[in-house]
Amino acid sequence: MIIQICVGSSCHLKGSEKLVELFQAAIEENKIDGDVTFAGSFCTGKCNREGVTVTVDDDVYTGITPENFNTFFKDKVLKKLTD
């Protein structure tokens, strides 16, 4: 699985740095670092008024925030790895 988080200027201002930390901790905590490639990306052109853009494989998600991170990670990362 490839997870890319936008670190372009708009997403950076919306907190992508904090989400990078949350992703790194969650990947390590769930012991899936061997199953996941985690990388930054520049603007995907999907800027949203709220939150950061994250791509999981070929699926693009917008509006990811620290507040909805745990639900996103469980539903879009962990669930996909176990399917």
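Residues numbered from 1 in each chain as written. Predicted model: local features only at pLDDT ≥ 70, side-chain atom pairs only at ≥ 80, totals over all residues. Heavy atoms only, no water.

A. Looking closely at the pattern of salt bridges. Within the structure shown, the criterion is met by 2 salt bridges. Between Lys80 and Asp57 there is a salt bridge, and its shortest N-O distance comes to 3.3 Å. Placement of Lys80 in helix H3 (residues 69-82) and of Asp57 in the loop between strand E3 (52-56) and strand E4 (59-64) is noted, with a sequence separation of 23 residues between them. Exposure remark for Lys80: the relative accessible area of 32% places this residue in the partly exposed category. When the shortest N-O distance is used, the salt bridge between Asp59 and Lys80 registers 3.3 Å. Of the two residues, Asp59 sits in strand E4 while Lys80 sits in helix H3, which places them 21 residues apart along the sequence. Accessibility expressed as a relative area gives 35% for Asp59, which makes it partly exposed. Taken together, the salt bridges that share partners define one network made up of Asp57, Asp59 and Lys80. (Salt bridge = Lys/Arg side-chain N within 4 Å of Asp/Glu carboxyl O. Helix = DSSP H or I, 4+ residues; strand = E, 2+ residues; numbered from the N terminus. Buried < 20%, exposed > 50% of the residue type's maximum accessible area, 1.4 Å probe, protein only.)

B. How the structure looks around the sheet that holds E3. Taken together, 4 strands build an open sheet; the order of strands is E2-E1-E3-E4 and the sheet is mixed. Edge positions in the sheet fall to strand E2 (37-41) and E4, since each has one partner strand and no second. Between one strand axis and the next, the sheet turns through 25 degrees on average, direction left out of account. As judged from the 5 bridges shared by strand E1 (residues 2-6) and E2, these two strands associate in the parallel manner. Paired with Ile3 across the two strands is Phe38, which belongs to E2. (Pairing = 2+ DSSP bridges. Axes fitted to C-alpha atoms, helices over the stretch in contact; angles between N-to-C directions.)

C. Broad picture of the packing of aromatic side chains. In this structure the tally under the stated criterion is 6 aromatic pairs. In textbook terms, an aromatic cluster arises when at least three aromatic residues are bridged by ring pairs, as seen for Phe23, Phe38, Tyr61, Phe69, Phe72 and Phe73. (Phe/Tyr/Trp six-rings, centres within 6.5 Å; stacked < 30°, edge-to-face > 60°.)

D. Here's a closer look at the pairing of E4. Across 4 bridges, the pairing between E3 and E4 is antiparallel. Among the inter-strand pairings, Thr55 is bridged to a residue of E4, identified as Val60. Linking two consecutive strands that pair antiparallel, namely E3 and E4, is a turn of 2 residues; a positive phi of about 55 degrees is found at Asp57 within it.

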